[in-house]
Structures are given as C-alpha cells and as structure tokens.
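If you want the building blocks of each chain, they are given just below.
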Amino acid sequence: MAGEGTGAQPPADIVVLGKVVDSYGLRGAIKVHPFADDPRSWGALPHWWLGREGDAPEAWRRVRLMRCREQSGVLVATLEGIVDRDASEALRGMLVGAPRVELPATESGEYYWGDLLGLDVVNVQGQSLGQVAGLIGTAANDVLRVDDGEGRERLLPFVDAVIRDVDVPGRRILVDWEADW
C-alpha cells in the first residue's frame, strides 16, 4: 500500500471509524461509509489507519490524509500515494481507523462502534443472545448484528426501546428482546 505505511508502528487501540466502499473519480479518491456520528471531524486528523476486518493491529497501515469532505452521506477522501482509480479500487473493503487518543472523548450514552464489537448481548430475562458481530448504519437508526455462535444472526435496532444498558467495561449489552425473535 502506498503512503506512510512502512514507517509507522500501529497503535494497539485503533478505533474503527468507517469502511472504504468505492473509488471516486479518476485521481485516486475514495468513498468512505462512516460508522460514527461526526465524520467531518476526521478531516482534521493528519493520518488515517487502514486495515481489513480481523487484521491484527500490526497489519494496519498509516496513510496521510490529504483532503476530506462530506458528500451525500459518505466521506470523499484523498490519501497520500493513492493517485489513480486502480489504487483507490484496491482499497475497497478496507476499514478506516484512528488511535483512540486522537479522537474526541465520547459523551455519556455515546459509543464508538469498535467499542461494541464482541460485547455479550443478554436480554432482560437473563438469556444470552450472543455477541455483537458488527453494526449496520441505516437512515432510521443503527442496527446491532448479534451472532449466537451457532450460525444464527439477529438484527437488533440500536434504539432506547430495545437497548436498556451498555456496559463497555463489563463487556455487556442488556436488551429488551426475546430469545425466540
């Protein structure tokens, strides 16, 4: 991968902020689907980190952010060393992240998506529904993808009527959701 990837040591605390979904134009720009509420603030970051889902932290590579703007719900960004459409298409599917220390602290009741991944999901009856495998951003609300470990996936809306408590340090989300739904 072009850019500064070879010289920078990846931090162990990368927070995933979005995913490269497409190239944009002929000069290497990319479209990034944001996983966070304030994607415009990413444009102030000097570097982004790119990696694939499941990659160990040392596999992530730092790239210098040259330009970034919001357009129609996605970010359009130019990265150093990504100079043509072929190079930007090679980034499709890559996750975009930043070290936690470079990001603003979350307010009470706010979470970075990466903080929710792997948390145990338990309903108010005390039944385990599985673990958070991912999140889906929709126009109406975010949706938790919960994997029960046996090949079944549940989609739970991330809304107050369903999500009763999020305990990140305790690694648990309490939900009002029946086990047989």
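Residues numbered from 1 in each chain as written. Predicted model: local features only at pLDDT ≥ 70, side-chain atom pairs only at ≥ 80, totals over all residues. Heavy atoms only, no water.

## Here we look at the sheet that holds strand β1 (residues 14–24)
Link 1 in the chain: The six strands lie next to each other as β1-β2-β5-β4-β3-β6, forming a closed barrel whose pairing is antiparallel. Taken over all neighbouring pairs, the strand axes of this sheet differ in orientation by 50 degrees on average, direction set aside.
Link 2 in the chain: The pairing of strand β4 (residues 61–71) with strand β5 (residues 74–79) spans six bridges and is antiparallel. Bridge pairing in β5 places R69 opposite V76. (Pairing = 2+ DSSP bridges. Helix = DSSP H or I, 4+ residues; strand = E, 2+ residues; numbered from the N terminus. Axes fitted to C-alpha atoms, helices over the stretch in contact; angles between N-to-C directions.)

## Section: the packing of aromatic side chains
Link 1 in the chain: Under the definition given, this model contains three aromatic pairs.
Link 2 in the chain: Centroid distance Y111 to F158: 6.5 Å. Interplanar angle 85 degrees. Geometry classified as edge-to-face. With Y111 in the loop between β6 (95–99) and α2 (113–116) and F158 in the loop between β10 (153–157) and β11 (163–167), this residue pair connects regions lying 47 residues apart in the sequence.
Link 3 in the chain: Since its relative accessible area comes to 28%, Y111 is described here as partly exposed.
Link 4 in the chain: Accessibility expressed as a relative area gives 23% for F158, which makes it partly exposed.
Link 5 in the chain: Measuring from ring centre to ring centre gives 5.2 Å for W177 and W181, while their planes differ by 80 degrees; the resulting arrangement is edge-to-face.
Link 6 in the chain: For W177, a relative accessible area of 16% translates into the label buried. (Phe/Tyr/Trp six-rings, centres within 6.5 Å; stacked < 30°, edge-to-face > 60°. Buried < 20%, exposed > 50% of the residue type's maximum accessible area, 1.4 Å probe, protein only.)

## Notes on the environment of R62
Link 1 in the chain: Along the chain, the position of R62 falls in strand β4.
Link 2 in the chain: C-alpha of R62 to C-alpha of V124: the two residues are 62 residues apart in sequence and 42 Å apart in space.

## Points about the environment of E58
Link 1 in the chain: Mapped onto the secondary structure, E58 falls in the loop between β3 (47–51) and β4.
Link 2 in the chain: Once the C-alpha coordinates of E58 and A12 are considered, the two residues, 46 residues apart in sequence, prove to be 8.1 Å apart.

## Re the side chain of N123
Link 1 in the chain: Mapping N123 onto the fold places it in strand β7 (residues 120–123).
Link 2 in the chain: Separated by 2.8 Å, the side chains of N123 and Q127 make a polar contact.
Link 3 in the chain: Of note is the side chain of N123, whose polar atom sits 3.1 Å from the backbone oxygen of W177.
Link 4 in the chain: In this structure, N123 is in contact with L129, L174, V175, W177, E178 and A179, ignoring residues within four places of it in sequence. (Polar contact = N/O pair within 3.5 Å; in protein donor to acceptor, adjacent residues only side chain to side chain. Contact = heavy atoms within 4.5 Å.)

## Re unusual backbone geometry
Link 1 in the chain: Positive phi, close to 50 degrees, is recorded for S72, a residue that is not glycine.
Link 2 in the chain: On the basis of relative accessible area, S72 is assigned to the exposed category, the value being 75%.
Link 3 in the chain: For R171, which is not glycine, the phi torsion reads 60 degrees and is therefore positive.
Link 4 in the chain: Tracing the chain through its elements places R171 in the loop between β11 and β12 (172–175).

## Observations concerning the confidence of the model for the protein
Link 1 in the chain: Overall, the predicted model of the protein reaches an average pLDDT of 88, with 94% of residues at or above 70.
Link 2 in the chain: Scored below 50 in pLDDT, residues 1–6 makes 20 contacts in the model with residues more than four places away or belonging to other chains. (pLDDT = per-residue confidence, 0-100.)

## Section: the nonpolar core
Within soluble globular proteins, side chains that are nonpolar generally end up buried alongside one another.
Link 1 in the chain: In terms of nonpolar packing, the biggest core is built from 22 residues, with V121, L144, L156, I173 and V175 touching the most fellow members.
Link 2 in the chain: Of all the secondary-structure elements, those providing two or more residues to this core are β1, α2, β8 (128–137), β9 (142–147), β11 and β12.
Link 3 in the chain: At three residues, the largest contribution of residues to this core is made by β8.
Link 4 in the chain: Excluding anything up to four places from it in sequence, I173 contacts L116, L119, D120, V121, V122, V132, L144, I163, D165 and V166. (Core = buried A, V, L, I, M, F, W, Y, C linked by side-chain atoms within 4.5 Å.)

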